[in-house]
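Residues per chain are reported as follows:
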Amino acid sequence: MLDPRGRQLLLSTLRPPEGYGFDCAIGTTYSLDLIALLTTPLAFAMFDWQRSDGELAAGPGSPTADPLALLESLRRCADRIHLFCQAGQITIPPAHQRLLAYLEQSVIEAQAPACHDGRQAAFHPKVWIIRYRSAAGPVKYRFVCLSRNLTFDRSWDTVLLLDGELTDRARGFGENRPLTEFVSALQSMALRAVGKQAQSDLRQIEQEIGFVRWELPDEVEEIRFWPMGHNGKPAWPFAKRMNRLLVISPFVSDDLLDRIGSSEAERFLVSRLESLCALPSSALRNRWTCFTLEDALEVQPVDIEADADEPTPEVLVGLHAKVFVADAGWDAHVWTGSANATTAAFGGNVEFLVELVGKKSKLGIDATISEEEKKTNLRRILAPFEPSEDRLKVDADALAAENAAEQARQSLAALTLTARIDQCDGSFTTQIESTTSVSIPENVSVRCRPVMLPAADAKSIEGDCPLQLRFGPHASESISSFVAFEIVARVRQAEQRVRFVLNLPLVGAPTDRQDRLLRDLLKDSRTLLRLLLMMLADDPERLFGEMKDFIIDPNNGSSRRSDDLLPLLEHLLRALDRSPEKLEHVHRLIEDLRRTPEGMSILPADFELVWDPIRRVHRPTVTVGEA
């Protein structure tokens, strides 16, 4: 286990098993990059999202090489993806990402129950629970437990993947009870109302997850699920007997180290250099054998002269994994997931760990950090750390500014805010408003704007009064429930700047926003044909090879006419025979296009000759032009 050569891309862990399709998914994360979330439907819809060299064709400014693939995967899956994240920890996306409109119902901001008692706590779990369906087989589930957030950060993380099959047992598996309790508690942690589809999917997963039989990883004899803080109570998952202990955590606190390590146990600690230097030497010296990542793995220089068109190899930078390993007799226990070795993680945060139990020789500390030459484990990337009396000095002003900015973030995240849309003469305005006063300290300034508007349109928020900021007039594509905030806190010469997004209830927005977006993206017949092929595809990955003629510009060597309807006819006939439900999606799209002159203009000249006979067989009572 924990072989540093082992690599797993998050998107590959989400892809459906062979013969199965995506049904619905629940995800949790602390921080969220909306562009990263925008790409997850590509994995669920089984569209290829890789360059020819196998690396992901992704980045904050270029979410996909094929926007239509992204559009169709969002149309298929976005309304069945429900992602809970810490309120106030969504990063501001790049400008003009109009497809984010499909994610507004997917993002659910949450708060740890301990916050209701006035304690400082975070919603910090990082798991996915995915339901897959098949016409021929039983329902399958996948549980993914990570140490990383849903962002594009490149760091050393861990991922545990469990596949399971829904059984017809009368009673659920006892080991799954914590999973059921965790899913049951999610809706109560949401800061704002959860949509009907999310409620339905949460209810179904809650009812089924207890009856899933999981396939155990190699060398693992037993698994235990450890959600923590979801009921407002602290939890302690660690075994009473621990002969030796290894802690891998980017953040550590000395009181937690005292609590977890008994005096007689041999103890090893792997952490970030800054975290170790901030601890008092008395907490480490003669008590913990400490390591950090090799210097070359902590910092990766950026070549600003590099050709932007050349693919850059993905290099992992910095430690972000959270793992606890204990030897107990002949057995070993491994806990992996979201929890850092801090008091906050085990004293109020919402976290998730999975405990793996197996033989010490396979899962234990020697198997993880042994110095034996033949062993391939984490030891090869670690460097010893010797505690020093010189602790890392903390800038008191910088810390005060950081705390002030964080308090302002939490206050805004907990505020009852609404984005209200008004229409006048074909354009729109957005008003961000609150029912209660906003409290902003004198040394803190706050600006906000809807994310689809440029940064120059941001307006300042005044404290000690209800919020009422009007933006516009603007076009319909600038409507968004995502609102960006920027906080600047100053303490003497120190300054702390915080930027984040809140997903606000959207009132008064046009109900046809997604239809307008679709029409705007479908600019010509070629684009429409490619989208129709994607909608009909059984295997979208194979489809990409078939669509090359539609992607290549006919003026630059394409051998097929852009209005050739033969491939579409083949897919329509196959859908009529095997998957007639796909034709319903095609029918709705075509009828929507027929409603406007702009839509009619992109229908190929002979399209009716291909589509109407198939439509009449599939929907014999519907006449041409009927919605």
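All residue numbers here refer to positions counted from 1 along the written sequence of the relevant chain. Whole-chain, interface and lining totals are the exception, using all residues; otherwise, since this is a predicted model, local features are given only for residues with pLDDT of at least 70 and side-chain atom pairs are given and counted only at 80 or more. Excluded from the side-chain calculation are hydrogens and water; included are all heavy atoms of the structure.

Caption draft 1: Spotlight on the sheet that holds strand E1 (residues 21–29). Strand order in the open sheet formed by seven strands is E5-E3-E1-E6-E7-E8-E9, with mixed pairing between adjacent strands. What marks the edges here is a single partner per strand, and that holds for strand E5 (107–110) and strand E9 (212–214). Strand-to-strand twist across the sheet, computed as the mean angle between neighbouring axes with direction ignored, equals 20°. The sheet contacts of helix H2 (residues 34–44) involve E1, strand E3 (81–86), E5 and strand E6 (127–133), and relative to E3 the element is tilted by about 155°. Residue contacts are counted whenever heavy atoms from the two residues lie within 4.5 Å of one another. Axis lines are fitted to C-alpha atoms, over the contacting stretch for helices. Their N-to-C directions set the angle, which ranges from 0 to 180 degrees. Strands are runs of DSSP state E lasting at least two residues, helices are runs of H or I lasting at least four, and both sets are numbered from the N terminus onward. Helix H4 (residues 177–189) rests against E1, E3, E5, E6, strand E7 (140–146) and E9 of the sheet, and its axis sits at about 70° to E1. Strand pairing follows a simple DSSP-based rule, namely that at least 2 bridges must link the two strands.

Caption draft 2: Region of the structure containing a positive patch on the surface. A contiguous patch of positive charge, built from Arg169, Arg171, Arg177 and Arg213, is present on the exposed surface. The residue Arg213 is located in strand E9 in this model. Only residues above 30% relative accessible area that lack a salt bridge enter a patch, with like-charged residues linked at up to 9 Å and the nonpolar side chains Val, Leu, Ile, Met, Phe, Trp and Tyr linked at up to 5 Å. Computed with the Shrake-Rupley method and a 1.4 Å probe, the accessible areas treat only the protein chains shown as cover for residues. What makes a salt bridge here is a side-chain nitrogen of Lys or Arg within 4 Å of a carboxyl oxygen of Asp or Glu, nothing more. In this tally Asp and Glu are treated as negative and Lys and Arg as positive; neither His nor the chain ends contributes. A charged residue contributes its charge at one atom only: NZ of Lys, CZ of Arg, CG of Asp or CD of Glu.

Caption draft 3: Local environment of the environment of Gln120. Structurally, Gln120 can be placed in the loop between E5 and E6. For the pair Gln120 and Gly348, spaced 228 residues apart in sequence, the C-alpha separation works out to 7.6 Å. A polar contact is formed between the side chain of Gln120 and the side chain of Gln410, at a distance of 3.5 Å. Side-chain atoms alone can form a polar contact between residues adjacent in sequence; in general such a contact is a pair of N or O atoms within 3.5 Å, and within protein one must be able to donate a hydrogen while the other accepts it.

Caption draft 4: Geometry of the pattern of salt bridges. For the structure shown, the criterion picks out 30 salt bridges. Here Glu486 ties to Arg499 by a salt bridge, and the two come within 2.9 Å at their closest N and O atoms. In this pair, Glu486 is assigned in strand E23 (residues 482–491) and Arg499 in strand E24 (residues 494–503), connecting sequence segments 13 residues apart. For every residue, the accessible area (1.4 Å probe, protein chains only) is compared with the maximum for its type, and the residue is labelled buried under 20%, exposed over 50%, or partly exposed between those bounds. Owing to a relative accessible area of 49%, Arg499 belongs among the partly exposed residues under this scheme. The salt bridge partner of Glu608 is Arg594, with a shortest N-O separation of 2.4 Å.

Caption draft 5: Inspection of the packing of aromatic side chains at higher detail. Pairing of aromatic rings covers Phe, Tyr and Trp, the last counted by its six-membered ring, and requires centre-to-centre distances within 6.5 Å; plane angles under 30 degrees mean stacked, over 60 mean edge-to-face, and any other angle means tilted. In the structure shown here, the tally under the stated rule is 15 aromatic pairs. Between Phe238 and Phe346, the aromatic rings sit 5.4 Å apart at their centres with planes inclined by 50°, giving tilted as the arrangement. Pair noted here: Phe238 is in the loop between strand E10 (222–228) and strand E11 (244–248) and Phe346 is in the loop between strand E15 (331–337) and strand E16 (351–359), with a separation of 108 residues, a long-range link. The exposure class assigned to Phe238 is buried, which follows from its relative accessible area of 6%. The side chain of Lys360 reaches across the aromatic face of Trp330, ending 6.0 Å from its centre. For a ring to carry a charge above it, either NZ of a lysine or CZ of an arginine must fall within 6 Å of the ring centroid while also lying within 35 degrees of the normal to the ring plane.

Caption draft 6: The side chain of Glu355, seen in detail. Note that Glu355 resides in strand E16. Looking at Glu355, the relative accessible area reads 1%, which means it is buried. At a separation of 2.9 Å, a polar atom in the side chain of Glu355 contacts the side chain of Trp226. Side-chain polar atoms of Glu355 contact the side chain of His333, separated by 2.7 Å. In contact with Glu355, other than residues within four places in its own chain, are Glu222, Ile223, Arg224, Trp226, Pro237, His333, Val334 and Trp335.

Caption draft 7: Highlighting the environment of Val323. The residue Val323 is located in strand E14 (residues 323–328) in this model. Take Val323: its relative accessible area is 1%, and that puts it in the buried class. Sequence spacing of Val323 and Asp157 is 166 residues, and the spatial spacing of their C-alpha atoms is 9.5 Å.

Caption draft 8: Focus on the sheet that holds E15. Judged by pairing direction, the sheet is mixed, and its eight strands sit side by side in the order E10-E16-E15-E14-E11-E12-E13-E17 without closing on themselves. Each edge of the open sheet carries a strand with a single partner, namely E10 and strand E17 (382–385). With strand direction ignored, the average angle separating the axes of adjacent strands in the sheet is 20°. One ladder, built from five bridges, connects E11 with strand E12 (residues 266–270); its direction is parallel. Counterpart to Val247 in the pairing with E12 is Leu269. Along the sheet face, H4 touches E10 and E16 and points at about 25° away from the line of E10.

Caption draft 9: Quick look at the packing of helix H14 (residues 525–536) against helix H17 (residues 566–578). Packing of H14 against H17 leaves a shortest axis separation of 10 Å and a crossing angle of 25°. Taken together, the axes of H14 and H17 lie roughly parallel to each other. The interaxial crossing formed by H14 with H17 has left-handed handedness. Of the residues in H17, those in contact with Leu529, Leu532, Leu533 and Leu536 of H14 are Pro567, Leu568, His571, Leu572 and Ala575. Just so you know the grouping, Ala, Val, Leu, Ile, Met, Phe, Trp, Tyr, Cys and Pro go in nonpolar, Asp, Glu, Lys and Arg go in charged, and all remaining residues, Gly too, go in polar. Tallied by class, residues from the contact of H14 with H17 come to eight nonpolar, one polar and no charged. Put simply, angles under 35 degrees are roughly parallel, angles over 145 are roughly antiparallel, angles from 65 to 115 are roughly perpendicular, and the rest are oblique. What makes a crossing left-handed is the near helix being turned counterclockwise from the far one by less than a right angle; a clockwise turn instead makes it right-handed.

Caption draft 10: How the structure looks around unusual backbone geometry. Cis geometry marks the peptide bond from Gly472 to Pro473, where omega comes out at 10°. Here Pro473 lies in strand E22 (residues 466–474). Notably, Asp464 is not glycine yet its phi reads approximately 65°, a positive angle. Of note, Asp464 is situated in the loop between strand E21 (459–460) and E22. Owing to a relative accessible area of 65%, Asp464 belongs among the exposed residues under this scheme.

Caption draft 11: How the structure looks around the nonpolar core. Put simply, a nonpolar core is a bunch of buried Ala, Val, Leu, Ile, Met, Phe, Trp, Tyr and Cys residues held in one set by side-chain atoms that sit within 4.5 Å of each other. In terms of nonpolar packing, the biggest core is built from 69 residues, with Leu32, Phe44, Trp128, Leu522, Leu532, Leu568 and Leu589 touching the most fellow members. What Leu522 contacts, discounting residues up to four positions off in sequence, is Leu68, Thr527, Leu528, Leu531, Leu589, Leu593 and Ile602. Counting 57 residues, the second-largest nonpolar core is a separate cluster that includes Ile129, Ala198, Val323 and Val334.

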